[in-house]
Amino acid sequence: MALTKEEKTTAIASFRRDEKDTGSAEVQIALLTAKIKKLTVHMTNNTHDYSSKRGMDIIIARRKKLLSYLKRTDPAKYEEVYRSIKGK
């Protein structure tokens, strides 16, 4: 399930470092989180869609790797991103 242009711009705007930042770890995590939320809704309605389940597992693993990288390189930014993802 692809994100709409508005969903992408909202996710990017919340974590970008500067005006042209679209590829930093924080932005990538935000985009992956938005995709995961969208796929979670899809999976609750379509429990037997196994290809989407596999895709969601891959996205979750990618986000986990990016979070561990961010924790290793910039712990303060990791805490900020993690809290916003978890909604705390």
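Up top is the structure.
A few points on the structure. (Residues numbered from 1 in each chain as written. Predicted model: local features only at pLDDT ≥ 70, side-chain atom pairs only at ≥ 80, totals over all residues. Heavy atoms only, no water.)

A count of helical and extended segments in the chain gives 4 helices and 0 strands. Secondary structure of the chain in N-to-C order comes out as α-α-α-α. If one aligns the C-alpha atoms of the chain with their principal axes, the spans along those axes are about 40 × 25 × 25 Å. For the chain, the residues scored as buried account for 33% of the 88 residues in total. The contacts in the chain between residues at least 6 apart in sequence include a share of 50% that link residues at least 24 apart. Averaged over its 20 positive side-chain charges, the chain has a centre that lies 6 Å from the centre of its 11 negative ones. (Helix = DSSP H or I, 4+ residues; strand = E, 2+ residues; numbered from the N terminus. Buried < 20%, exposed > 50% of the residue type's maximum accessible area, 1.4 Å probe, protein only. Contact = heavy atoms within 4.5 Å. Lys, Arg positive; Asp, Glu negative; His and termini not counted. Charge placed at Lys NZ, Arg CZ, Asp CG, Glu CD.)

Once that is clear, we can look at helix α1 (residues 5-15). Along α1, the residues classified as buried are Ala-11, Ile-12 and Phe-15. Taken end-on, α1 shows its buried residues confined to a sector of 95 degrees, consistent with a single buried face. For α1, exposure combined with an orientation more than 90 degrees from the buried face picks out Lys-5, Glu-6 and Thr-10. Considering only its buried residues, α1 is in contact with α2 (25-45) and α4 (75-86). (Arc of directions from axis to C-beta.)

So, about the packing of aromatic side chains. Applying the stated rule across the entire model yields 1 aromatic pair. Relative to Tyr-82, the ring of Tyr-78 has its centre 5.6 Å away and its plane inclined at 20 degrees; by these criteria the two rings are stacked. Pair noted here: Tyr-78 and Tyr-82 are both in helix α4, with a separation of 4 residues, about one helical turn. Given a relative accessible area of 12%, Tyr-78 falls into the buried group. (Phe/Tyr/Trp six-rings, centres within 6.5 Å; stacked < 30°, edge-to-face > 60°.)

Take the packing of α2 against helix α3 (residues 50-73) next. Axis angle and axis distance: for two packed helices, these are the angle between their axes and the distance between the axes, and together they describe the pair. With their axes 9 Å apart at the nearest point, α2 and α3 run at an angle of 155 degrees to one another. Here α3 runs roughly antiparallel to α2, going by the angle between their axes. As for how α2 packs across α3, the hand of that crossing is left-handed. Along the contact surface, α2 presents Ala-25, Glu-26, Gln-28, Ile-29, Leu-32, Thr-33, Lys-35, Ile-36, Leu-39, Thr-40, His-42 and Met-43, while α3 presents Ser-52, Lys-53, Met-56, Ile-59, Ile-60, Arg-62, Arg-63, Leu-66, Leu-67, Tyr-69 and Leu-70. Residue classes in the contact of α2 with α3 are distributed as 13 nonpolar, 5 polar and 5 charged. (Axes fitted to C-alpha atoms, helices over the stretch in contact; angles between N-to-C directions. Parallel < 35°, antiparallel > 145°, perpendicular 65-115°, else oblique. Left-handed = near helix turned anticlockwise from the far one by under 90°. Nonpolar A, V, L, I, M, F, W, Y, C, P; charged D, E, K, R; others polar.)

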